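# Structural description and commentary
So the chains spell out like this:
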Amino acid sequence: MTIRLATAAAAIALLLGGNWALAADKPTDPQIAHIAYTAGVIDIEAAKQAIATSKNKTVVEFAESMVRDHESVNKQALDLVKKLNVTPEDNDTSKALAQAAETKRAELAKLTGDDFDKAYVENEAAYHKQVNGALETLLIPSAQNTELKSLLETGLKLFQGHQQHAEHVATELK
Amino acid sequence: MSANPARRAFLALFLGAAAIAVPAQAETIQVTIDRLVYAPPEIQAKVGDEIEWINKDALVHTATVQGGAEVLLPPKKSGRLPLQEPGSFDYICRYHPNMKGHITVRP
Ligand SMILES: [Cu+2]
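Turning to the pairing of strand β9 (residues 100-106) of chain B, a few remarks are in order. Residues and elements named next belong to chain B. Pairing of strand β3 (residues 42-46) with β9 involves five bridges; the strand directions are parallel. In the strand pairing of β9, Glu-42 is matched with His-102. Relative to β9, strand β8 (residues 87-92) runs antiparallel, the two being bridged by six bridges. Of the residues in β9, the one forming a bridge with Tyr-91 is Gly-101.

Right under this line is the structure:
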């Protein structure tokens with residue numbers, strides 16, 4: 001079990017790592033907007049799966065806060081792209097993110113109880129960490145529009161908060 | 001209608017002394033939350049003061065003292081905490097633990 005999870009994590013890291021690197025030829029603002037929005041949607045869906053599956057109050061409360069925060073930020077993102085007259089553009093990084101999330105969702109769907117809770121919360125910590133890395137090294141430096149850049153910077157602070165929150169919940173589950 | 005100058009002088013003296021003896025007025029100290037940052041992060045206060053956090057974000061935050069009080073701060077709302085005991089307190093947001101603040105409360 002542990003080996004299987006570790007292998008899956010490595011595969012995802014490889015997949016995403018490869019694609020973040022691929023996208024290193026500077027995504028455009030419409031692509032960045034799409035990637036950031038997709039990253040939020042993925043976490044909302046993961047949270048909804050957790051709310052439906054988990055019986056642990058702390059885990060459910062964590063998941064509810066993920067839905068709340070990411071819906072709020074994605075709404076701000078939509079308002080901003082509308083104001084800037086930018087149409088988010090699908091791209092390989094968004095696709096890789098969605099694909100990895102799909103795989104993860106299927107994997108989590110096989111788990112119940114404490115196993116689910118642990119796997120979900122650990123993945124939340126890892127996922128937010130990964131998105132933070134992408135924001136810091138790729139998305140924020142590449143963003144051209146100052147308002148988009150500023151929203152991404154707030155997003156980074158939020159995701160860093162979520163990563164720490166997830167890590168805290170993970171230690172509580174041990 | 002007292003026209004007794006001696007009495008008026010006495011009253012002025014008495015009230016003057018009383019004013020000095022009265023402790024400084026309790027204050028409301030405001031902390032703004034904007035883009036996941038408490039500003040100012042450090043607060044100096046005294047017992048009896050109140051802190052008011054003003055949340056300008058579209059996110060739910062808290063001001064949570066570890067093992068102590070918690071103030072829930074809904075989006076675009078504010079919340080208050082009366083300071084009842086002296087001490088030095090670190091606080092964080094429960095939902096975003098990278099948000100950090102500190103309160104020093106003098107007796
Ligand atoms: Cu917060």
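Once that is clear, we can look at the nonpolar core. All names here are of chain B. Counting residues in each nonpolar core, the largest one holds 25 residues, and the members touching the most others are Tyr-38, Trp-53, Tyr-91 and Ile-103. Taken together, the elements giving at least two residues each to this core come down to β1 (28-33), β3, β4 (50-55), β5 (61-65), β6 (70-73) and β9. A total of three residues in this core trace back to one element, the largest contributor, which is β1.

Bringing unusual backbone geometry into the picture now. Across the chain, the bulk of peptide bonds are trans and the bulk of non-glycine residues have phi less than zero. Residues and elements named next belong to chain B. A cis amide bond links Ala-39 to the next residue, Pro-40, at an omega of -5°. With a phi close to 50°, Arg-35 is a non-glycine residue in the positive phi region. Structurally, the position occupied by Arg-35 is in the loop between β1 and β2 (38-39).

To continue, consider the interface of chain B and chain A. Residue-level contacts link twelve residues of chain B with 16 residues of chain A. Its largest share of buried area at the contact with chain A, chain B owes to Arg-35, Tyr-95 and Asn-98 of chain B, together 39% of the area lost on that side. At the surface where chain B touches chain A, the tally comes to one salt bridge. Put simply, Arg-94 of chain B and Glu-61 of chain A hold a salt bridge, and the shortest N to O gap is 3.2 Å. When grouped by side-chain class, the residues that make up the side of chain B that touches chain A number seven nonpolar, two polar and three charged.

Helix length check: helix α3 (residues 57-84) of chain A, at 28 residues, gives a terminal C-alpha distance of 40 Å against a target of 40 Å (1.5 Å per residue), a fit within 8%. Between the side-chain oxygen of the N-cap and the backbone nitrogen of Thr-58 of chain A there are 2.9 Å, and the N-cap of α3 of chain A in question is Asn-56 of chain A.

Further remarks concern the environment of Arg-80 of chain B. All names here are of chain B. Relative to the assigned elements, Arg-80 resides in strand β7 (residues 78-82). Under the relative-accessibility criterion, Arg-80 is labelled partly exposed at 43%. Once you skip the residues sitting within four places of it in the chain, Arg-80 turns out to touch Thr-28, Glu-50, Ile-51, Glu-52 and Val-71.

Now for the pattern of salt bridges. Following the criterion strictly, the structure yields eleven salt bridges over all chains and no others. One continuous salt-bridge network, built from bridges that share partners, spans Glu-45, Glu-102 and Arg-105 of chain A.

Right, let's get into helix α4 (residues 92-109) of chain A. All names here are of chain A. For α4, spanning 18 residues, the distance from its first C-alpha to its last is 26 Å, which sits close to the expected 26 Å at 1.5 Å a residue. Along α4, the residues that are buried comprise Thr-93, Ser-94, Ala-96, Leu-97, Ala-100, Ala-101, Lys-104, Glu-107 and Leu-108. Each buried residue of α4 lies within a common arc of 160° when the element is viewed along its axis, so the set occupies one face. The outward face of α4, more than 90 degrees from its buried face, is lined by the exposed residues Asp-92 and Ala-109.

What follows covers the sheet that holds β2 of chain B. Through backbone hydrogen bonds, the strands of a sheet pair up, either in parallel or in antiparallel fashion. Residues and elements named next belong to chain B. What the four strands build is an open sheet, ordered β2-β1-β4-β7; its pairing is mixed. The open sheet has two free edges, formed respectively by β2 and β7, since each of these has just one partner strand. In terms of strand pairing, β1 meets β2 through two bridges, oriented antiparallel. Each bridged residue has a counterpart across the sheet, and for Ile-33 the counterpart in β2 is Tyr-38.

With that out of the way, let us pick up the packing of aromatic side chains. Residue and element names in this part refer to chain A. According to the stated counting rule, one finds four aromatic pairs over all chains in the structure shown. When the centroid spacing of 6.0 Å and the interplanar angle of 5° are considered together, the rings of Phe-116 and Tyr-120 count as stacked. With Phe-116 and Tyr-120 both in helix α5 (residues 113-142) and four residues apart, the pair spans about one turn of that helix. Both residues of the pair, Phe-116 and Tyr-120, belong to the buried class. One aromatic cluster in this structure is built from Phe-62, Phe-116 and Tyr-120.

What follows covers the confidence of the model for chain A. Residues and elements named next belong to chain A. Mean pLDDT over chain A stands at 88; residues scoring 70 or higher make up 86%. Highest mean pLDDT in chain A belongs to helix α2 (residues 29-53) (97); lowest belongs to helix α1 (residues 2-22) (43). Between residues 1-15, whose pLDDT stays under 50, and residues either more than four places distant or in other chains, the model counts eleven contacts. Taken together, the stretch residues 17-23 has pLDDT below 50 and engages in 13 contacts with residues farther than four places along the chain or on a different chain.

Rules of the game
- Residues numbered from 1 in each chain as written.
- Chains lettered and ligands numbered in written order.
- Predicted model: local features only at pLDDT ≥ 70, side-chain atom pairs only at ≥ 80, totals over all residues.
- Heavy atoms only, no water.
- Pairing = 2+ DSSP bridges.
- Helix = DSSP H or I, 4+ residues; strand = E, 2+ residues; numbered from the N terminus.
- Core = buried A, V, L, I, M, F, W, Y, C linked by side-chain atoms within 4.5 Å.
- Buried < 20%, exposed > 50% of the residue type's maximum accessible area, 1.4 Å probe, protein only.
- Contact = heavy atoms within 4.5 Å.
- Buried area = accessible area lost by both parts, 1.4 Å probe.
- Salt bridge = Lys/Arg side-chain N within 4 Å of Asp/Glu carboxyl O.
- Nonpolar A, V, L, I, M, F, W, Y, C, P; charged D, E, K, R; others polar.
- Expected span 1.5 Å × (residues − 1).
- Polar contact = N/O pair within 3.5 Å; in protein donor to acceptor, adjacent residues only side chain to side chain.
- Arc of directions from axis to C-beta.
- Phe/Tyr/Trp six-rings, centres within 6.5 Å; stacked < 30°, edge-to-face > 60°.
- pLDDT = per-residue confidence, 0-100.

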